[in-house]
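Structural characterization, general
For reference, the chains in residue letters:
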Amino acid sequence: MTRNVRETVSRLIPDPGKSAILPKDGETNILITSALPYCNNVPHLGNIIGSVLSADVFSRRLGARNRRTVYICGTDEYGTASETAALKERVTPRELCDKYHTVHKETYEWFDIGFDLFGRTSTPYHTEICQSIYLNLGKNGYLEKQVKEQTYCDSCAKFLADRYVEGICPHCGFPDARGDQCDGCSRTLDAIDLIEPRCLLDKSHKVVTRSSSHMYFKLDAIQPRLEEWIKESYRKGKWSPNATTNTEGEIVDARIRSGLHPTPVTRDLTWGVPIPPLGREDDKEMDGKVLYVWFDAVIGYASITANYTPEWQQWWFNPENVKLYQFMGKDNVYFHTIYFPGMLLADGRNWTTLHHVSTTEYLNYEGGKFSKSKNRGVFGPQARETGIPASVWRYYLLATRPETQDAMFSWADCVFGNFVNRALKFVSSQYNGIIPESGDEPGPLTPNDPLDGEFINEVNTLLRDYVDALESVKIRLGLQTAMLVSNRGNGYLQAAGLSKTLLVENPQRCAQVVSRAVNLIYVLSALIYPYMPSTSEAILEQLNAPARVIPDVFSTDILGGHHIGRPDHLFKPIDEKMEAVWKAKFEGVGGVSQEAPAPKRKPKKTAADNVRTNDAKENGPKSEEALALEARILEHGQYVRSLKEKKEAREVIDAAVVELKKLKTELAVLEKT
């Protein structure tokens, strides 16, 4: 089919993982990581939205602006959690990690997560880089030996790491408290404080306490430099508020405010990175020990990059040209804003350190927490069993991304539609699939256009909002803005009166409307690419156009004479009857109400919530008048929010709110007729 598309708008950066990308001096090069998932279980939806999916959107968005970007993640494989899970499954730690690494990788591939590399921490590169940092900490005076009491199993003849010990909680009396935390009262514990401690390997074994030597990282010694680094990084990277800093950039972490203490970096385990000798008298006391998983896990970002490219140091020792963005859930903030940066500062080399941290709150499931043990919630591999496409899952999770407060997954919200089919079908049926000559010059459309100036200005404003949202890592706001663009397109078709009548009575105007609608669809393909890459690809296939960059302004890029592909629906309707089936399947033991009470207040609706349509309703698709009203409501809602953000006068805001309510009332009346 003949193509007639401006080449200057093409996306040049390949899709993630297609070829190794290296930073370029003088350009903005972005290194992205998402928190490494434990390799002892399967990921649930909260894990996916909390780090990997959000980071994927940001990575794809940068690629769609032709920026050099690398996105790294992988499984965190060493430590007690993997050893104990392997014991329960009666396999070796390596066999367990091989199994769950594959499960994670396949799950993320199904969700269209575009890692440049999804690696793992149990590699030779990982051992080499971890040991080099450990040795530098020792050389620079940041390691000290401490002797501590620790649980010891006489029958196993070895020290027991915290998760190898169970017993009675000294605080609440819960009988099966673990050595690191009590599931009864949620308090953190020291294994030696458990009453009647039991060995996880054999409950009949006798558990005692003995002294054991370990190396500690002197965080207290690096604290003054670390505090200065946190303040500077917060200012430059415009961190979102988190557990370490508040909205003013003040350090609020209780551990820093009370003074950091030395923290252990070694463990009495076999599954981990072996401790290298420091050339000191106490080296023998470290024989047979491994690095603590929290020490080695964060180094996994660098080691996985080393497995991605032998030139990994161009990314990790290049702070002048590389900015590091890290995505995680709220429980990982300490390790990425205090522990890991402190380690890199103490190492002494010129590391690329954190520029921006993006965190999320927890995504809960229908009023309760996700729980694998209770079979509650949708876990990654099960998502495909619902028959809902990955793009729809991505849309829903991102539209409800818990950025400022815990969000709730609900089956009732997981339905939406789009406007693309309407315009392309008109081109196919009325123009034999060929874009007509519109009279518009190739390139940016003038905002002073006599007929569509207001429309063009509104699209340009939305494009600025979209770019600003993702520059600021406001993932959900970017998606809401993309949906506003889509609905503005629907409103444009309605206002312009696209129909066979227009084609007959004013063919030149009809050609212009068609051209501008198709080019808006082309823009939309780029805007939704970070969020729903498969849907973006389907739109491009229907347009018969190459992948394009995210533009700054609305322009004519698909030109007259271009042949489009075959129009088709992008999504199949979701049968609302399946909601009850899925809820029953995934609510787990005892339902969800026993885990946590439902929130008293309903979560605020977002713009993305408001644009969802339900093609499965018995009364058929919405009328053009209803679609136009919805578009006006969305636009006016955006206007009201902007007034509030700018803190305009109360009477101005009140008048705008009254108008918004009026529009909603008109829509309600229309839908009843």
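That block above? That's the structure.
We now turn to the structure provided with this report. Predicted model, so just to flag it, every value in this text is computed and none were measured. (Residues numbered from 1 in each chain as written. Predicted model: local features only at pLDDT ≥ 70, side-chain atom pairs only at ≥ 80, totals over all residues. Heavy atoms only, no water.)

1. Notes on the overall build of the chain
Counting its regular elements, the chain contains 21 helices and 18 strands. With an accessible surface of roughly 30,100 Å², the chain has 48% of that area assigned to carbon and sulfur atoms. (Helix = DSSP H or I, 4+ residues; strand = E, 2+ residues; numbered from the N terminus. Areas by Shrake-Rupley, 256 points an atom, 1.4 Å probe, with all protein chains shown as cover.)

2. Looking at the side chain of aspartate 282
Note that aspartate 282 resides in the loop between strand S11 (266-267) and strand S12 (290-291). Among residues more than four places away in sequence, those in contact with aspartate 282 are Lys145 and Met215. (Contact = heavy atoms within 4.5 Å.)

3. Quick notes on the nonpolar core
Formed by 157 residues in total, the largest nonpolar core has its most connected members in Phe295, Trp316 and Met343. At 13 residues, helix H16 (residues 507-527) tops the list of elements feeding residues into this core. Those residues in contact with phenylalanine 295, other than ones at most four positions away along the chain, are Cys130, Ile133, Tyr134, Leu137, Val265, Tyr339 and Met343. Ranked by size, the runner-up nonpolar core spans 15 residues in total, among them Val165, Ala177, Cys182 and Cys199. (Core = buried A, V, L, I, M, F, W, Y, C linked by side-chain atoms within 4.5 Å. Buried < 20%, exposed > 50% of the residue type's maximum accessible area, 1.4 Å probe, protein only.)

4. Overview of helix H2 (residues 80-89)
Counting buried positions along H2 gives seven out of ten residues, so the element sits mostly inside the fold. Of the positions making up H2, those classed as buried are Thr80, Ala81, Ser82, Glu83, Thr84, Ala85 and Ala86. Structurally, H2 contributes buried residues whose contacts are with helix H3 (93-110). Of the residues one or two after H2, arginine 90 is the one with positive phi, at around 60°.

5. Comments concerning the side chain of glutamine 326
When you line up the elements, glutamine 326 lands in strand S13 (residues 322-329). Under the relative-accessibility criterion, glutamine 326 is labelled buried at 1%. Only 3.0 Å separates the side chain of glutamine 326 from the side chain of threonine 33, close enough to count as a polar contact. Beyond its immediate chain neighbours, meaning those up to four positions away, glutamine 326 contacts Thr33, Tyr301, His336, Phe340, Leu354, His356, Val357 and Ser358. (Polar contact = N/O pair within 3.5 Å; in protein donor to acceptor, adjacent residues only side chain to side chain.)

6. Considering the packing of aromatic side chains
Following the criterion strictly, the structure yields 23 aromatic pairs and no others. For the pair tyrosine 108 and phenylalanine 115, a centre-to-centre distance of 5.7 Å together with 75° between the ring planes defines the contact as edge-to-face. Taken as a pair, tyrosine 108 and phenylalanine 115 share a single burial class, namely buried. Ring-pair connections join several aromatic residues into one group, and the members of that group are Phe217, Trp294, Tyr334, Phe335 and Tyr339. (Phe/Tyr/Trp six-rings, centres within 6.5 Å; stacked < 30°, edge-to-face > 60°.)

7. Examining the packing of helix H4 (residues 124-139) against helix H9 (residues 333-347)
Packed helix pairs are characterised by how far apart their axes lie and by the angle those axes make with each other. Put simply, H4 and H9 touch, their axes get as near as 8 Å, and they point 65° apart. If you check the angle between H4 and H9, you find them roughly perpendicular. Between H4 and H9 the crossing geometry is left-handed. Between H4 and H9, the residues in contact are Ser132, Ile133, Asn136 and Leu137 and Met343, Leu344, Ala346 and Asp347, respectively. Split by residue class, the contact of H4 with H9 holds five nonpolar, two polar and one charged. (Axes fitted to C-alpha atoms, helices over the stretch in contact; angles between N-to-C directions. Parallel < 35°, antiparallel > 145°, perpendicular 65-115°, else oblique. Left-handed = near helix turned anticlockwise from the far one by under 90°. Nonpolar A, V, L, I, M, F, W, Y, C, P; charged D, E, K, R; others polar.)

8. Structural notes on the sheet that holds strand S5 (residues 158-159)
An order of S5-S4-S9-S10 is seen for the four strands of this open sheet, with the pairing classed as antiparallel. For this open sheet the edge positions go to S5 and strand S10 (263-264), each flanked by a neighbour on one side alone. Relative to S10, strand S9 (residues 207-217) runs antiparallel, the two being bridged by two bridges. What sits directly across from tyrosine 216, in S10, is proline 264. Along the sheet face, H9 touches S9 and S10 and points at about 55° away from the line of S9. (Pairing = 2+ DSSP bridges.)

9. Some thoughts on the pairing of strand S2 (residues 69-75)
The buried fraction of S2 is high, at seven of seven residues. Across four bridges, the pairing between strand S1 (residues 29-34) and S2 is parallel. Looking at S2, one finds that isoleucine 32 is bridged to tyrosine 71. Across four bridges, S2 lies against strand S3 (residues 117-120) in parallel orientation. Each bridged residue has a counterpart across the sheet, and for isoleucine 72 the counterpart in S3 is leucine 117.

10. Description of the pattern of salt bridges
Using the criterion set out here, one finds 33 salt bridges in the structure. Arginine 11 serves as the salt-bridge partner of aspartate 15, at 3.0 Å between the closest nitrogen and oxygen. A residue is classified by how much of its surface remains accessible, and aspartate 15, at 31% relative accessible area, is partly exposed. Aspartate 183 serves as the salt-bridge partner of arginine 178, at 3.3 Å between the closest nitrogen and oxygen. In the salt-bridge network here, residues are joined through shared partners; they are Asp440, Asp449, Asp452, Arg509 and Arg516. (Salt bridge = Lys/Arg side-chain N within 4 Å of Asp/Glu carboxyl O.)

11. A few points about the packing of helix H5 (residues 219-237) against H9
Viewed as axis vectors pointing N to C, H5 and H9 meet at an angle of 110°, and their least axial separation amounts to 9 Å. The orientation of H5 with respect to H9, classified from their angle, is roughly perpendicular. Along this stretch, H5 crosses H9, giving a crossing that reads as right-handed. Of the residues in H9, those touching H5 at Leu219, Ile222, Arg225, Leu226, Trp229 and Ile230 are Tyr334, Thr337, Ile338, Tyr339, Pro341, Gly342, Leu345 and Ala346. Its residues placed into classes, the contact of H5 with H9 shows eleven nonpolar, two polar and one charged.

12. Some remarks on H3
With 18 residues, H3 extends 26 Å between its outermost C-alpha atoms, agreeing within 8% with the 26 Å of an ideal straight helix rising 1.5 Å per residue. One or two positions beyond H3, positive phi appears at aspartate 112, with a value near 60°. (Expected span 1.5 Å × (residues − 1).)

13. Side note on a positive patch on the surface
A cluster of basic side chains, namely Arg641, Lys644, Lys661 and Lys664, defines a positive patch on the protein surface. Turning to its location among the elements, arginine 641 is positioned in helix H20 (residues 624-645). Take arginine 641: its relative accessible area is 35%, and that puts it in the partly exposed class. (Patch = residues over 30% accessible without salt bridge, like charges linked within 9 Å, V, L, I, M, F, W, Y side chains within 5 Å. Lys, Arg positive; Asp, Glu negative; His and termini not counted. Charge placed at Lys NZ, Arg CZ, Asp CG, Glu CD.)

14. Some remarks on the environment of alanine 423
Of note, alanine 423 is situated in helix H12 (residues 420-431). Distance in space between the C-alpha atoms of alanine 423 and isoleucine 521 is 8.7 Å, their sequence separation being 98 residues.

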